[in-house]
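# Report on the structure
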Amino acid sequence: LCKIGEESYYKTIEQTALTTKNPTVQANAAMILGKLGKKEALPVLYKIKDSADSTNAAAFNATEAIARIGDEKIYKKIWTMLISVYADDRYMGAHAMAAFGGSRGANALITMLDDEIAEVRLIAAERLATLGDKSGKIVVLDYLNSPAPEDKVVANRCNVIAALAIGQIGGEQLKAYLPKLLKSDSAFTQLAAAKSILLL
């Protein structure tokens, strides 16, 4: 409703983000504030990000929302995520850095293409492509041409990201893998492949 001009609802979203006791609702409200892109949401988003009461999901969504709005101060925070020893932090950092965007965001994501963890390399390639840089293509091809990870849960997650990356990067080499991904025994991989087909 806000996006189609019903501005009266905007304050409701802000208030919900600050006062709700439901962590899922707070995380979703933070994400919506980022998508609406108003700089006036920054104080609310920083409160959520920095609150000891916020869940990891809410704090991350607030960080990504701040990046999406384009506040320069968040860049260093996201960079610390990219160099974290924890793969989950680097994975989430890639999403936030893509939301930050621009040449700084793209350059930061390029440094992640040689991460030791396949999921991180793949999400960096996929997110980088959303910024118009397809230099992660070789990372996706390398993954698709290598033996699948032994851990099936990890393999499914990687397959989903690789399938999504194909849609963002494009090209005949990558498109050739979509029929196989559509026949995966994972519904998530099938959906990701279908989404890429529609994108292409």
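Below is a summary of the structure that appears in this document. Think of each chain on its own: its residues are numbered from 1, step by step along the sequence as written. The predicted origin of the model limits local features to residues at a pLDDT of at least 70 and limits the giving and counting of side-chain atom pairs to 80 or more, whereas totals for whole chains, interfaces and linings rest on all residues. Values reported for side chains reflect all heavy atoms of the structure, with hydrogen atoms and water molecules removed beforehand.

This part covers the overall build of the protein. Across its full length, the protein carries 13 helices and zero strands. Reading the protein from its N end, one meets helices and strands in the order α-α-α-α-α-α-α-α-α-α-α-α-α. The globule rule puts the C-alpha radius of gyration for 200 residues at 16 Å, and the 18 Å found for the protein is close to it. Its C-alpha atoms give the protein principal-axis dimensions of about 50 × 35 × 30 Å. Counting only residues that meet the buried cut, the protein has 46% of its 200 residues in that class. Restricting to contacts in the protein with at least 6 residues of sequence separation, those with at least 24 account for 55%. Approximately 10,800 Å² of the protein is accessible, and the part contributed by carbon and sulfur atoms is 55%. Under the DSSP-based scheme used, a helix requires at least four consecutive residues in state H or I and a strand at least two consecutive residues in state E, with every element numbered from the N terminus. For this measure, only C-alpha atoms enter the radius of gyration; the expected value for a globule follows 2.2 Å times N^0.38, where N is the number of residues. Exposure classes here rest on a 1.4 Å probe applied to the protein chains alone. A residue is buried below 20% of its type maximum, exposed above 50%, and partly exposed in between. Throughout, a contact is declared for two residues whenever any of their heavy atoms are within 4.5 Å. Note that accessible areas follow from Shrake-Rupley with a 1.4 Å probe, and for residues the cover is restricted to the protein chains shown.

With that out of the way, let us pick up the environment of T189. Structurally, T189 is set in helix α13 (residues 187-199). C-alpha separation for the pair T189 and L178, spaced eleven residues apart in sequence, amounts to 10.0 Å. Discounting chain neighbours no more than four positions away, the residues touching T189 are N156, N159, V160, A163, L181 and S184.

With that settled, consider the packing of aromatic side chains. Working definition: rings of Phe, Tyr and Trp (its six-membered ring) pair if their centres are within 6.5 Å, and the pair is stacked with planes under 30 degrees apart, edge-to-face with planes over 60 apart, and tilted otherwise. Evaluation of the coordinates by the stated rule reveals one aromatic pair. On the basis of an interplanar angle of 50° and a centroid distance of 5.3 Å, the ring pair of Y75 and F100 is categorised as tilted. Of this pair, Y75 sits in helix α5 (residues 74-82) while F100 sits in helix α6 (residues 87-100); the two residues are 25 residues apart in sequence, bridging distant segments of the chain. The pair Y75 / F100 is uniform in exposure class, with both members buried. Over the ring of Y75 we find R104, and its NZ or CZ is 3.9 Å from the ring centre. Whether a charge sits over a ring depends on NZ of Lys or CZ of Arg being within 6 Å of the ring centre and within 35 degrees of the ring normal.

Take helix α7 (residues 102-110) next. For α7, the complete set of buried residues consists of G105, A106, A108 and L109. The buried side chains of α7 occupy one side of the element, clustering within an arc of 160° when seen end-on. Buried residues in α7 make contact with α5, α6 and α8 (118-130). An arc is given here, and it is the one of the directions from the helix axis to the C-beta atoms.

Turning our eyes to something else, we now look at the pattern of salt bridges. Think of a salt bridge as a Lys or Arg side-chain nitrogen and an Asp or Glu carboxyl oxygen that are within 4 Å of each other. Per the stated rule, a full pass over the model turns up twelve salt bridges. K11 is the salt-bridge partner of E40, the closest N and O atoms lying 3.9 Å from each other. Placement of the pair is E40 in the loop between α2 (23-36) and α3 (42-50) and K11 in helix α1 (residues 10-19), with a sequence separation of 29 residues. Since its relative accessible area comes to 46%, E40 is described here as partly exposed.

This brings us to the packing of α1 against α2. To get an axis, a line is fitted to the C-alpha atoms, and for a helix only the part in contact is used. The angle between two axes follows their N-to-C directions and goes from 0 to 180 degrees. The N-to-C vectors of α1 and α2 enclose an angle of 140°; their axes lie 8 Å apart at closest approach. With respect to their mutual orientation, α1 and α2 come out oblique. Along this stretch, α1 crosses α2, giving a crossing that reads as left-handed. Two secondary-structure elements touch here, α1 through Y10, I13, E14, T16 and A17 and α2 through V25, Q26, A29, I32, L33 and L36. For the contact of α1 with α2, the residue count by class is eight nonpolar, two polar and one charged. Note on terminology: angles under 35 degrees are roughly parallel, angles over 145 are roughly antiparallel, angles of 65 to 115 are roughly perpendicular, and the others are oblique. By convention, the crossing between two helices is left-handed when the near helix turns anticlockwise from the far helix through less than a right angle, and right-handed when the turn is clockwise. Amino acids are sorted into nonpolar (Ala, Val, Leu, Ile, Met, Phe, Trp, Tyr, Cys and Pro), charged (Asp, Glu, Lys and Arg) and polar (every other residue, Gly among them).

Residue position: I48 is located in helix α3. For I48, the residues in contact, after removing those within four places along its chain, are A17, Q26, A30, S54, A58, A59 and A62.

Side chains of a nonpolar character, in soluble globular proteins, are inclined to be buried together. Counting 64 residues, the largest nonpolar core has L33, L45, M97, L122, V140, L144 and I166 as its most contacted members. Every residue in contact with L45, bar those within four places of it in the chain, is listed here: A30, L33, A62, A65, I66 and I69. By nonpolar core we mean a set of buried residues, namely Ala, Val, Leu, Ile, Met, Phe, Trp, Tyr and Cys, connected to one another through side-chain atoms within 4.5 Å.

On to the side chain of D115. With respect to the helices and strands, D115 occurs in the loop between α7 and α8. Definition of a polar contact: a pair of N or O atoms within 3.5 Å, with one able to donate and the other able to accept a hydrogen when the atoms are protein atoms, and with sequence-neighbouring residues admitted only if both atoms are side-chain atoms. Polar side-chain contacts of D115 include one of 2.9 Å to the backbone nitrogen of I117.

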